[in-house]
Amino acid sequence: MKIRSEIIGCGSYLPERCVSNDELSKTVDTNDEWIRSRSGIEQRYIAAEGEFTSDLALAASRRALEHAGIDASEIDLVICATTTPDNTFPSTATKVQHKLGMTNGAAFDIQAVCSGFVYGLATADNFIRCGQAKTVLLIGAETFSRILDWTDRSTCVLFGDGAGAVVIRGAEQETGSNGKGHNSGRGILSTHIHSDGSNYDILYVDGGPSSTQTVGHLRMNGREVFRHAVTNLASIVDEALIANNLDRSDIDWLVPHQANKRIIDSTAKKLGMSQDKVVLTVDKHANTSAASIPLALDTAVKDGRIKRGDLLLLEAMGGGLTWGAGLVRW
Ligand code: UT7
């Protein structure tokens with residue numbers, strides 16, 4: 001019997017406080033026109049004082065469990081993709097596990113910055129297909145506002161806080177075929193992850209427990225990151241399609257990491273996809289790093305755009321550099 005991982009529910013959570021570009025321009029030397037034209041961002045959400053990554057993660061998880069119609073006790077693995085954990089240790093995932101009232105299973109964090117959700121998807125899929133987990137709660141949660149240098153206008157205007165979560169469950173693989181020799185059943189068709197540590201210093205945080213004993217602030221060479229994102233995302237998209245014997249035209253929805261509208265437009269163009277087939281949330285959420293894909297996914301599932309049977313392409317690139325993609329039949 002072949003097992004495939006199916007996403008059976010999703011949920012998301014945004015902090016209450018929404019900060020528009022205009023509001024930001026009162027404290028940062030910037031303006032709405034620059035932010036909008038360079039990134040597509042109009043606003044972002046910022047966590048309240050005392051509101052931690054685990055709080056956002058927990059709220060998104062509860063919604064995902066409700067959508068999946070299952071109890072937390074049925075989860076046997078919690079994975080939290082985050083770069084902004086509550087503490088250096090223990091993991092944010094163990095905090096969420098406890099707050100969900102779970103006394104079983106295992107929990108750990110994944111650190112792949114903006115690619116964290118795709119790395120988590122690959123990890124969850126492999127755990128399930130190997131039989132080591134049956135039902136996984138995968139979360140992407142961030143409070144990036146806490147690691148921004150609010151005096152650096154080239155970075156602080158681009159990020160926001162939020163969380164998204166999915167419930168993934170192993171199921172016997174459906175055997176339908178679309179006539180091209182690949183399985184058309186529901187679930188994660190494949191995941192593809194890469195990294196290249198030689199570009200460590202174009203997107204990083206200038207602190208850490210071992211180096212400075214401080215948390216540090218995000219530093220980015222925006223133009224360089226942009227250049228690598230366009231190239232790496234174009235190649236990962238091809239890799240995912242070729243691995244599944246699929247054509248660009250088979251994809252119903254592009255659900256990309258939301259860093260910059262211009263990067264997303266470039267990937268969509270490469271796929272020959274019109275704007276109305278791209279789930280875009282960067283305008284409202286800004287870049288929420290590991291949370292951006294599950295936030296976008298949840299938005300398009302709940303507003304009815306993504307429907308059962310649709311083929312989704314998820315892709316991301318982030319610090320490391322790390323990048324990856326996943327093909328999912330909803
Ligand atoms: O999540 C994964 C990683 N992140 C990304 O994928 C981000 C990738 N990079 C980008 O999205 C873009 O490179 C940015 C949005 C960061 C920048 O866009 P750009 O078109 O590459 O802008 P730029 O760096 O060419 O613009 C620089 C100019 C400078 O002015 P001068 O020297 O040309 O006169 C800056 O001083 O824009 C100025 N500038 C600003 N002006 C107003 C930089 N930040 C701001 C600002 N408001 N917030």
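Keep in mind it's a predicted model, so treat the numbers as computed, not measured.

Strand order in the open sheet formed by 5 strands is β1-β7-β6-β4-β5, and the pairing between neighbours is mixed. A single partner strand is all that each edge strand has here, and the edge strands are β1 (3-13) and β5 (106-110). Averaged over all pairs of adjacent strands, the angle between strand axes in this sheet comes to 20°, irrespective of strand direction. In the packing of helix α3 (residues 53-68) onto the sheet, the strands contacted are β1, β6 (135-143) and β7 (161-172), and the crossing angle to β1 comes to about 120°. The strands that helix α10 (residues 292-302) touches are β1, β6 and β7; relative to β1, the one it contacts most, it runs at about 90°.

Next up on the list: the environment of L233. Turning to its location among the elements, L233 is positioned in helix α7 (residues 222-243). The sequence separation of L233 and A316 amounts to 83 residues, and the corresponding C-alpha distance is 7.1 Å. Look past the residues within four positions of L233 in its chain and what remains in contact with it is H228, I263, T267, E315, A316 and M317.

The environment of the ligand is made up of 22 residues, and the closest members are T30, R153, R223, N260 and N287. H257 places a polar side-chain atom, nitrogen or oxygen, 2.9 Å from an oxygen atom of the ligand. Interatomic distance of 2.7 Å between a side-chain N/O atom of N287 and an oxygen atom of the ligand. For the ligand, the cavity whose grid points lie within 2 Å of the majority of its atoms is the second largest pocket. For the shell around the ligand, the elements supplying multiple residues, two or more each, are α2 (32-39), α6 (153-156), α7 and α8 (261-271). In terms of residues, the shell around the ligand owes the most to one element, α7, which gives 4 residues. Here the shell around the ligand is built from residues that sort into 11 nonpolar, 6 polar and 5 charged. Mapping the shell around the ligand onto the domain boundaries places at least three of its residues in each of domain 1 (2-173) and domain 2 (187-329).

A few words now on the packing of aromatic side chains. Summed over all chains, the structure comprises 2 aromatic pairs. Where F144 meets F159, the ring centres are 5.2 Å apart and the plane angle is 20°; that geometry is what we call stacked. With F144 in the loop between β6 and α6 and F159 in the loop between α6 and β7, this pair connects stretches of sequence that are 15 residues apart. The exposure class assigned to F159 is buried, which follows from its relative accessible area of 4%. Cation over ring: K277 sits above W253, and NZ or CZ is 4.6 Å from the ring centre.

With respect to the helices, strands and loops of the structure, L203 is situated in strand β9 (residues 203-205). Separated by 116 residues in sequence, L203 and G319 have C-alpha atoms that sit 5.1 Å apart.

Here we come to the nonpolar core. Of all hydrophobic cores here, the largest spans 44 residues; its most connected members are V157, I251, L254, L271, L313, M317 and L327. In terms of residue count, α7 provides more of this core than any other element does, 7 residues in total. Mapped onto the domain boundaries, this core takes at least three residues apiece from domain 1 (2-173) and domain 2 (187-329). In terms of nonpolar packing, the next biggest core, distinct from the first, is built from 32 residues, A124, I293, L297 and V301 among them.

Now for unusual backbone geometry. The omega torsion of the bond from F89 to P90 falls at -5°, within 30 degrees of zero and hence cis. The residue P90 is located in the loop between β4 (77-81) and α4 (92-99) in this model. Of note in the backbone geometry, N245 takes a positive phi value of approximately 55° without being a glycine. Its place among the elements puts N245 in the loop between α7 and β11 (253-256).

What follows covers the domain arrangement of the protein. Taken domain by domain, the protein holds domain 1 (2-173) and domain 2 (187-329). Taken over C-alpha atoms, the centre of domain 1 sits 14 Å from the centre of domain 2. Each partner contributes residues to the interface: domain 1 has 53 residues there, and domain 2 has 50 residues. Approximately 4,000 Å² of surface area, both sides summed, lies buried where domain 1 meets domain 2, with 66% of it carried by carbon and sulfur atoms. Looking at the side of domain 1 facing domain 2, the largest losses of area belong to C114, V118 and Y119, adding up to 16% of the total buried there. Across the contact surface, domain 1 and domain 2 share 2 salt bridges. The salt bridge involving E42 is made with K284; its shortest N-O contact spans 2.8 Å. Along the contact surface separating domain 1 from domain 2 lie 21 residue pairs in polar contact (both at pLDDT 80 or more). Secondary structure elements with two or more residues in the side of domain 1 that touches domain 2: β1, α2, β3 (43-46), α5 (116-129), β6 and β7.

Criteria and thresholds
Residues numbered from 1 in each chain as written. Predicted model: local features only at pLDDT ≥ 70, side-chain atom pairs only at ≥ 80, totals over all residues. Heavy atoms only, no water. Pairing = 2+ DSSP bridges. Helix = DSSP H or I, 4+ residues; strand = E, 2+ residues; numbered from the N terminus. Axes fitted to C-alpha atoms, helices over the stretch in contact; angles between N-to-C directions. Contact = heavy atoms within 4.5 Å. Near = heavy atom within 4 Å. Polar contact = N/O pair within 3.5 Å; in protein donor to acceptor, adjacent residues only side chain to side chain. 1 Å grid on protein atoms, 1.4 Å probe; cavity = no way out; pocket = protein on both sides within 12 Å on 5 of 7 lines; lining within 4 Å. Sits in = over half its atoms within 2 Å of the grid points. Nonpolar A, V, L, I, M, F, W, Y, C, P; charged D, E, K, R; others polar. Domains from an automatic or database assignment. Phe/Tyr/Trp six-rings, centres within 6.5 Å; stacked < 30°, edge-to-face > 60°. Buried < 20%, exposed > 50% of the residue type's maximum accessible area, 1.4 Å probe, protein only. Lys NZ or Arg CZ within 6 Å of the ring centre and 35° of its normal. Core = buried A, V, L, I, M, F, W, Y, C linked by side-chain atoms within 4.5 Å. Buried area = accessible area lost by both parts, 1.4 Å probe. Salt bridge = Lys/Arg side-chain N within 4 Å of Asp/Glu carboxyl O.

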